[in-house]
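Notes for the structure review
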Amino acid sequence: MELYIDSANINEIREVAALGIISGVTTNPSLLAREDPKVNVRQRILEIHTLVGGHLSVEVISTDADGMLREADEILAWFPEATIKIPMIAEGLKAVSKLSEQGVDTNVTLIFSPAQALAANNAGATYVSVFVGRLDDISFDGMQVIRDVREIWDIQGLNSLILAASIRHPMHIVECAKAGADIATCPYKPIMQSLKHPLTDSGLASFLADHQKMQAEIKKSSLSTN
Ligand code: G3P
């Protein structure tokens, strides 16, 4: 399972990209606004694109297909490898099917059910973004949707990549991998939390302490022989 970072924060993206564990970035209007409500979106997106050369999803804000297609043209003029992120609404599907005919990658976002994922796939979506955490927030089993989508995809031989979004903690990442998501897009915090284990820290501390003890012994015996 690939990992993307779900962020518009340059420092977070830079730090995680340097680890070599992510192959893309997903953004949305809320993430961009959270960084700076007056952010120059084009500039920020191109900055992110320079930092992480792989996948970059950029979301449209129109709610009609023509507006979405106009925005997609603008974004593709910024950089032609952009993935156009489109909401899971009827007008969105119209835009996705047009973009798919033109060979443009799309990421259908705000998917909360297998039926929505199926419709997005059939419209030609490259990625279907299933929001796990927001389902958990309202007492639904978000991970079950990932499992159901995977099962349907395998039975039917469908092509859209299953992108697990709205990830809240490291166990979501593990469960997404077990459920067969192709990608999990995660905020900075769960990515960094997933690297940690107390036994790693205590094990490293004792390796270093033993090494230091050994160095001290070597120094002591070289002093006594001189
Ligand atoms: O990028 C979309 C998605 O990951 C949003 O997550 O935490 O706002 O539910 P969240």
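Refer to the structure presented above.
Read on for a plain summary of the structure. (Residues numbered from 1 in each chain as written. Predicted model: local features only at pLDDT ≥ 70, side-chain atom pairs only at ≥ 80, totals over all residues. Heavy atoms only, no water.)

Each helix and strand counted, the protein has 11 helices and eight strands in total. In terms of overall size, the protein is more extended than a compact globule, its C-alpha atoms giving a radius of gyration of 22 Å where 226 residues would be expected to give roughly 17 Å. Reported as C-alpha extents along the three principal axes, the dimensions of the protein are approximately 85 × 40 × 30 Å. When burial is assessed residue by residue, the protein has 43% of its 226 residues classed as buried. Residue pairs at least 24 apart in sequence account for 54% of intrachain contacts in the protein once pairs closer than 6 positions are excluded. Of the roughly 11,900 Å² of accessible surface on the protein, 55% is carried by carbon and sulfur atoms. In the protein, 19 positive and 28 negative side-chain charges are present, and the distance between their average locations comes to 8 Å. (Helix = DSSP H or I, 4+ residues; strand = E, 2+ residues; numbered from the N terminus. Rg over C-alpha atoms; globule rule 2.2 N^0.38 Å. Buried < 20%, exposed > 50% of the residue type's maximum accessible area, 1.4 Å probe, protein only. Contact = heavy atoms within 4.5 Å. Areas by Shrake-Rupley, 256 points an atom, 1.4 Å probe, with all protein chains shown as cover. Lys, Arg positive; Asp, Glu negative; His and termini not counted. Charge placed at Lys NZ, Arg CZ, Asp CG, Glu CD.)

Once that is clear, we can look at the site of the ligand. Around the ligand, a shell composed of Asp6, Asn28, Lys85, Phe131, Arg134, Ala165, Ser166 and Arg168 is seen. Here an oxygen atom of the ligand and a side-chain polar atom of Lys85 are 3.3 Å apart. Residue Ser166 places a side-chain N or O atom 2.7 Å away from an oxygen atom belonging to the ligand. Relative to its unbound accessible area of 310 Å², the ligand is 85% covered by the protein chains. By residue class, the composition of the shell around the ligand is two nonpolar, two polar and four charged. (Near = heavy atom within 4 Å. Polar contact = N/O pair within 3.5 Å; in protein donor to acceptor, adjacent residues only side chain to side chain. Nonpolar A, V, L, I, M, F, W, Y, C, P; charged D, E, K, R; others polar.)

Burial runs high along strand S5 (residues 106-111): five of the six residues are buried. In this sheet, S5 lies alongside strand S4 (residues 83-87) in parallel orientation, the contact comprising four bridges. The residue bridging Pro87 from the neighbouring strand is Thr109, located in S5. In the classification by handedness, the crossover that spans S4, the intervening helix H5 (residues 90-101) and the parallel S5 is right-handed. Sheet topology places S5 next to strand S6 (residues 127-131); three bridges connect them, and they run parallel. Residue pairing across strands places Val108 opposite Val128, the latter belonging to S6. Remark: the S5/helix H6 (residues 114-123)/S6 crossover connection has right-handed handedness. (Pairing = 2+ DSSP bridges. Right-handed = clockwise from strand over helix to strand, strands pointing away.)

Let us now look at helix H9 (residues 170-179). Listing the buried residues of H9 in full gives His172, Ile173, Cys176 and Ala179. Looking down the long axis of H9, one finds its buried residues gathered within 130° of arc, a one-sided arrangement. Looking one or two residues beyond H9, the residue adopting positive phi is Gly180, at roughly 90°. (Arc of directions from axis to C-beta.)

For the rest of this paragraph, the subject is the sheet that holds strand S2 (residues 24-26). Read around the closed barrel, the eight strands follow the order S1-S2-S3-S4-S5-S6-S7-S8; overall the barrel is parallel. Going from strand to strand, the sheet's axes swing by 30° on average, the running direction of each strand aside. Alignment of strand S7 (residues 161-165) against strand S8 (residues 183-186), held across two bridges, turns out to be parallel. Of the residues in S8, the one forming a bridge with Leu163 is Ile183. Packing of H6 onto the sheet brings it into contact with S5 and S6, and relative to S5 it is tilted by some 165°. (Axes fitted to C-alpha atoms, helices over the stretch in contact; angles between N-to-C directions.)

It is worth spelling out the pattern of salt bridges at this point. Per the stated rule, a full pass over the model turns up 11 salt bridges. Between Arg44 and Glu47 there is a salt bridge, with its nearest N and O atoms 3.8 Å apart. A residue pair is termed a helical-turn pair when its members lie 3 or 4 positions apart in one helix, as Arg44 and Glu47 do in helix H3 (residues 41-51) at three residues. In this structure Glu47 comes out as partly exposed when scored by relative accessible area, which is 36%. As a salt-bridge pair, Asp182 and Arg150 come within 3.6 Å of each other at their nearest N and O atoms. Of the two residues, Asp182 sits in the loop between H9 and S8 while Arg150 sits in helix H8 (residues 142-156), which places them 32 residues apart along the sequence. What makes Asp182 partly exposed here is its relative accessible area of 25%. (Salt bridge = Lys/Arg side-chain N within 4 Å of Asp/Glu carboxyl O.)

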